[in-house]
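# An overview of the molecular structure
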Amino acid sequence: MLFSAGGVVAALLIPIQLFLFGLAIPLGWLPGPTYASLLALAAHPLARLYLLVLCTLPLFHWAHRFRYTLYDGLQIKHLNELINTFCYGGAIVGSILAAYLLWRM
Amino acid sequence: MAVPVEYVPKTFRPRLSTYWWLGRWPYLRFILRELSSVSVAWFVVVTLVQIRALKRGPASYLAFQGWMRHPVLIVLNAIAFFFVIFHAVTWFNLAPKAMAVRLGGKRVPSLMIALPNYVAWAVVSAGVAWILLRG
């Protein structure tokens, strides 16, 4: 279920966010928000919730998908303990980091 | 005299090559679709770095913006962007296959199920862009 939720969040939200912050704003195609306005925006409780969802669910989507890609793609299912630790552990660490960062903006 | 034992042959299961997915385009396309998840994780990492920079003050955020303008980052983000689009499109196109919806006995065409996803995608994207760009 986490995988599906993460997939939906990733599909709906990541494209526009990545387009804006990864390409359009750095390349000057569009004017980005000023530091002050972005900080004010991000500090809002709803924004923090949005960012928490944006930064946790897709990680679990990656974890699940990447795990099976390693199993099936590289045929290394015998390394499953290592793979599981890396994938789900990584997702958990990332989620904790996100929660910690967003707890106090 | 030895007791006869019934011989049960082991099923023949050929070991698959590590590079099986390079053999045919549909296989490669499948692996690329699954690897789009790496771009998803990349985005989360960049966003967490961005949030941390934001928290640390204007100088820190300015440094982050400089970092994001670096050609290597632009290229990485461009590649990630294409993979993320690929993820979204393949994800939305899977929805009809996962939900076989029937209306009045006839199966609803795939487009009718995928389309609301695309509409939601456009609306949500416009909303996010509006919030972020209005300054």
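Residues numbered from 1 in each chain as written. Chains lettered and ligands numbered in written order. Predicted model: local features only at pLDDT ≥ 70, side-chain atom pairs only at ≥ 80, totals over all residues.

## Topic: the overall build of chain A
This is how it is decided: Strands here mean DSSP runs of E at least two residues long; helices mean DSSP runs of H or I at least four residues long; both are numbered from the N terminus. All radius of gyration figures rest on C-alpha atoms, and the globule criterion is 2.2 Å times the number of residues raised to 0.38. Counting other C-beta atoms within 10 Å of a residue's C-beta gives its exposure: the residue is buried at 20 or more, exposed at 12 or fewer, and partly exposed in between, where C-beta atoms are placed from the backbone. Note that contacts rest on C-beta atoms placed from the backbone: two residues are in contact if these are within 7 Å.
Helix and strand counts for chain A come out as 4 helices and 0 strands. The C-alpha atoms of chain A give a radius of gyration of 16 Å, which is well past the 13 Å a tight globule of 105 residues would have. For chain A, the spread of C-alpha atoms along the principal axes amounts to about 50 × 30 × 20 Å. When burial is assessed residue by residue, chain A has 35% of its 105 residues classed as buried. Residue pairs at least 24 apart in sequence account for 75% of intrachain contacts in chain A once pairs closer than 6 positions are excluded.

## Focus on the overall build of chain B
Within chain B one finds 4 helices and 2 strands. Reading the helices (α) and strands (β) of chain B from amino to carboxyl end gives α-α-α-β-β-α. Relative to a compact globule of 135 residues, whose C-alpha radius of gyration would be 14 Å, chain B shows 25 Å and is clearly more extended. Taking all 135 residues of chain B together, 19% fall into the buried category. For chain B, contacts bridging at least 24 residues in sequence account for 40% of all contacts bridging at least 6.

## Thoughts on the interface of chain B and chain A
Using the following cut-off: Polarity classes work like this: nonpolar for Ala, Val, Leu, Ile, Met, Phe, Trp, Tyr, Cys and Pro, charged for Asp, Glu, Lys and Arg, and polar for all others, with Gly in that last group.
On the side of chain A, 44 residues touch chain B, which itself brings 44 residues to the contact. Those elements that place two or more of their residues in the side of chain B that touches chain A are α1 (25-56), α2 (58-69), α3 (71-98) and α4 (110-133) of chain B. When grouped by side-chain class, the residues that make up the side of chain B that touches chain A number 31 nonpolar, 9 polar and 4 charged.

## Side note on helix α3 (residues 45-74) of chain A
One turn of the α-helix equals 3.6 residues, which is why residues spaced by three or four share an orientation. Put simply, the rule reads: How far a helix is expected to stretch is found by multiplying one less than its residue total by 1.5 Å.
The first and last C-alpha atoms of α3 of chain A sit 42 Å apart over 30 residues, in line with the 44 Å expected at 1.5 Å per residue. Phi turns positive, to about 55 degrees, at Gln75 of chain A, one or two residues after α3 of chain A.

## Some remarks on the environment of Gly94 of chain A
As for its placement among the helices and strands, Gly94 of chain A is situated in helix α4 (residues 80-103). The buried category is assigned to Gly94 of chain A, around which 21 C-beta atoms lie within 10 Å. C-alpha of Gly94 of chain A to C-alpha of Val9 of chain A: the two residues are 85 residues apart in sequence and 16 Å apart in space. Sequence-distant contacts of Gly94 of chain A, defined by excluding residues within four places in its chain, comprise Leu59 of chain A together with Val44 of chain B.

## Some details on unusual backbone geometry
Outside of glycine, negative phi angles account for most residues, and trans bonds account for most peptide bonds. For Gln75 of chain A, which is not a glycine, the phi torsion comes out positive at approximately 55 degrees. Within the fold, Gln75 of chain A resides in the loop between α3 and α4.

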